Amino acid sequence: MASTDDLATRLAQTTLELCRIDSPIGHEGPIADHVEGWALRHFRRQEVFRVGHTLLLGALDDPRPTVALIGHLDTVPMHPGDVGRAPRIEGERVHGLGASDMKGGLAVMMALAEDLKRDALPVNVAFLLYEREEGAYAESGLIPLYEKRPDLSRVRFGIAMEPTDGVVQVGCVGSMQVTVRFTGRSAHSARPWQGENAIHKAGPLLTELLGRERVEVNVAGFPFYEVMSATLAKGGRARNVVPEAFELNLNYRFAPGKSVAQAKEDVLALVAGRAEVEFTDASPSGPVAAGNPLFQRLLSLTGLPAASKQAWTDVARFGEWGVDAVNFGPGETAQAHQLHESAPIPPLAVAYEKLAAFLKGAA
């Protein structure tokens, strides 16, 4: 049996190999081809199902309860400061775009698929690797997959291997993007009384956002925080013109248990008719799977701590399908989407060992 150090080295090398395959959102073809070629060596041909650049590996009609390990193939676009920097291993870290988010998690998934005697486990294990996670909710590669494979709703428990610093993170906050448009009337800036300044009209709302406290919502013993933030602003057409239009992008993060429709009502109540409101993107919140027996077994078998997910992940999408899921992965949350992204190597082996222990003893 390989030592933990040998396992960590193997997982680091696989992570590095995946980081060397560029896969920014919208360009996942090469990494999907790589993974499909790997899968055909470790799964029966009928267990390899591909839609676009999304892969479902394993069977879903097994009589055992199905646990799905879930990971996205794409990364955010490369930061200009990373252009020309080759992925590499230095000391105890793998450096490269996607190392933490989430090619280290993919490496753990692949190693588990290679090593576990899947037919002898108390649970059936499926592996889901998909494209276009880092984009709009409605453009995810999971959507065409689910259209072809609605039997995904048979999954009893999912583990999305997003970076979580080795903590099991339950649920997730919903996310809503809203364009708030203020309109005025242009004028020469030397005679502003002849116009109506759209930027100034936004002042009261911005002041309210500045003073707005986060709202804690407790769900099954896990705290989530509802927050609204102005994240983009656009307005004005010249330095000497009173602007007739001003736009804010408002990002609202809302707790599990609140619907998209209810979240929209919260935004409308905040704006209170002072501006035009356009909802441009909305992702539902993810349910907390605290009552799922497989979640409880995951914690009891591994001793892993659990916490709330104060971000959005596809746990929410699985919740829409009626599938309980959690987040758990070896990457560092602070490294996700960062310039010079990297991932620590020892947690790769820890994640592998914890998941192997769970899958072998889950029944």
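Here the structure is shown first, and the text comes after it.
So, here's what we can say about the structure.

Cut-off values and rules
- Residues numbered from 1 in each chain as written.
- Predicted model: local features only at pLDDT ≥ 70, side-chain atom pairs only at ≥ 80, totals over all residues.
- Heavy atoms only, no water.
- 1 Å grid on protein atoms, 1.4 Å probe; cavity = no way out; pocket = protein on both sides within 12 Å on 5 of 7 lines; lining within 4 Å.
- Points joined across faces, edges and corners; volume = space filled by probe spheres on them.
- Helix = DSSP H or I, 4+ residues; strand = E, 2+ residues; numbered from the N terminus.
- Nonpolar A, V, L, I, M, F, W, Y, C, P; charged D, E, K, R; others polar.
- Pairing = 2+ DSSP bridges.
- Axes fitted to C-alpha atoms, helices over the stretch in contact; angles between N-to-C directions.
- Contact = heavy atoms within 4.5 Å.
- Salt bridge = Lys/Arg side-chain N within 4 Å of Asp/Glu carboxyl O.
- Buried < 20%, exposed > 50% of the residue type's maximum accessible area, 1.4 Å probe, protein only.
- Lys, Arg positive; Asp, Glu negative; His and termini not counted.
- Phe/Tyr/Trp six-rings, centres within 6.5 Å; stacked < 30°, edge-to-face > 60°.
- Lys NZ or Arg CZ within 6 Å of the ring centre and 35° of its normal.
- Core = buried A, V, L, I, M, F, W, Y, C linked by side-chain atoms within 4.5 Å.
- Polar contact = N/O pair within 3.5 Å; in protein donor to acceptor, adjacent residues only side chain to side chain.
- Expected span 1.5 Å × (residues − 1).
- Arc of directions from axis to C-beta.

## As for the layout of surface pockets
And step 1. Estimates place the volume of the largest pocket at around 620 Å³.
And step 2. Sorting the residues of the lining of the largest pocket by element identifies strand E9 (174-183) and strand E15 (276-283) as the ones contributing at least two each.
And step 3. Grouping the constituent residues of the lining of the largest pocket by class yields 8 nonpolar, 10 polar and 10 charged.

## Some words on the sheet that holds strand E6 (residues 124-130)
Pairing between the strands of a sheet is mediated by backbone hydrogen bonds and can be parallel or antiparallel.
And step 1. The mixed open sheet is built from 8 strands, whose spatial order is E1-E2-E6-E3-E7-E17-E8-E16. The strands lining the two open edges of the sheet, one partner per strand, are strand E1 (48-51) and strand E16 (306-308). Within this sheet the neighbouring strands show an average axis-to-axis angle of 25°, counted without direction.
And step 2. Here strand E2 (residues 54-57) pairs with E6 via 3 bridges, running antiparallel. Considered in E6, the bridge of Leu 56 is made with Leu 128.
And step 3. In the packing of helix H3 (residues 99-115) onto the sheet, contacts are made with strand E3 (66-72) and E6, and the angle to E3 comes to roughly 145°.

## Considerations on the pattern of salt bridges
And step 1. Throughout the structure, instances matching the rule amount to 22 salt bridges.
And step 2. Residue Arg 64 pairs with Asp 62 through a salt bridge whose shortest N-O separation is 2.9 Å.
And step 3. Several salt bridges share partner residues, and in doing so they unite Arg 181, Lys 234, Glu 247, Glu 276 and Glu 278 into one network.

## Focus: empty space enclosed by the protein
And step 1. In the structure shown here, the tally under the stated rule is 1 cavity of 30 Å³ or more.
And step 2. Put simply, the largest cavity is a space of about 40 Å³.
And step 3. Around the largest cavity, the lining residues are Ile 70, Gly 71, His 72, Met 102, Tyr 130, Ala 160, Met 161, Glu 162, Thr 313 and Asp 314.
And step 4. A total of 3 residues in the lining of the largest cavity trace back to one element, the largest contributor, which is E3.
And step 5. Taken together, the residues of the lining of the largest cavity break down into 5 nonpolar, 3 polar and 2 charged.

## Description of the pairing of E6
And step 1. Burial analysis of E6 places 7 of its 7 residues in the buried class, the great majority of the element.
And step 2. Burial along E6 is two-sided: Asn 124, Ala 126, Leu 128 and Tyr 130 facing one way and Val 125, Phe 127 and Leu 129 facing the other are all buried.

## Overview of the side chain of Lys 309
And step 1. The residue Lys 309 is located in the loop between E16 and helix H9 (315-320) in this model.
And step 2. Glu 162 is the oppositely charged side chain nearest to the buried, salt-bridge-free Lys 309, at an N-O distance of 6.1 Å.
And step 3. When neighbours within four sequence positions are excluded, Lys 309 is seen to be in contact with Pro 163, Thr 164, Gln 169, Val 170, Gly 171, Cys 172, Val 173, Phe 224 and Asn 327.

## Re the packing of aromatic side chains
And step 1. The tally for this structure, following the rule as stated, stands at 7 aromatic pairs.
And step 2. Measuring from ring centre to ring centre gives 5.8 Å for Tyr 137 and Trp 312, while their planes differ by 85°; the resulting arrangement is edge-to-face. Of the two residues, Tyr 137 is situated in the loop between E6 and helix H4 (142-148) and Trp 312 in the loop between E16 and H9; the sequence distance between them amounts to 175 residues. Each of the two residues, Tyr 137 as well as Trp 312, counts as buried.
And step 3. Clustering of aromatic rings is evident, with ring pairs tying together Trp 38, Phe 43 and Phe 127.
And step 4. Looking at Lys 264, its charged tip hangs above the ring of Phe 279, at a distance of 5.2 Å from the centre.
And step 5. A cation over an aromatic ring shows up here: Arg 317 above the ring of Tyr 137, its NZ or CZ 4.0 Å from the ring centre.

## Details of the nonpolar core
And step 1. Core analysis: the largest hydrophobic core is formed by 62 residues, its most contacted members being Leu 57, Val 108, Phe 127, Phe 157, Ile 159, Phe 358 and Leu 359.
And step 2. Examining the composition of this core, we find that 9 residues originate from one element, H3, more than from any other.
And step 3. If we skip the residues at most four places from it in the chain, Phe 127 touches Phe 43, Leu 55, Leu 56, Leu 57, Leu 69, Met 109, Ala 113 and Arg 118.
And step 4. Judged by nonpolar contacts, the second largest core, of 19 residues, contains Val 178, Met 228, Tyr 252 and Val 267.

## Focus: the side chain of Ser 23
And step 1. Of note, Ser 23 is situated in the loop between helix H1 (4-19) and helix H2 (29-42).
And step 2. At 2.9 Å, the side chain of Ser 23 and the backbone oxygen of Leu 73 are in polar contact.
And step 3. Every residue in contact with Ser 23, bar those within four places of it in the chain, is listed here: Glu 28, Ile 31, Leu 73, Asp 74, Thr 75 and Lys 103.

## Notes on helix H7 (residues 260-271)
And step 1. Spanning 12 residues, H7 covers 17 Å between terminal C-alpha atoms, matching the ideal 16 Å at 1.5 Å per step.
And step 2. If you check which residues of H7 are buried, you get Ala 263, Val 267, Leu 270 and Val 271. An end-on view of H7 places all buried positions within 95° of arc, on one side of the element. With respect to the buried face of H7, the exposed residues turned more than 90 degrees away are Ala 261, Glu 265 and Ala 269.
And step 3. In this fold, the buried residues of H7 make contact with E9, helix H6 (203-211), strand E12 (222-235), strand E14 (245-254) and E15.
And step 4. Count one or two residues on from H7 and you reach Ala 272, which has phi positive near 55°.

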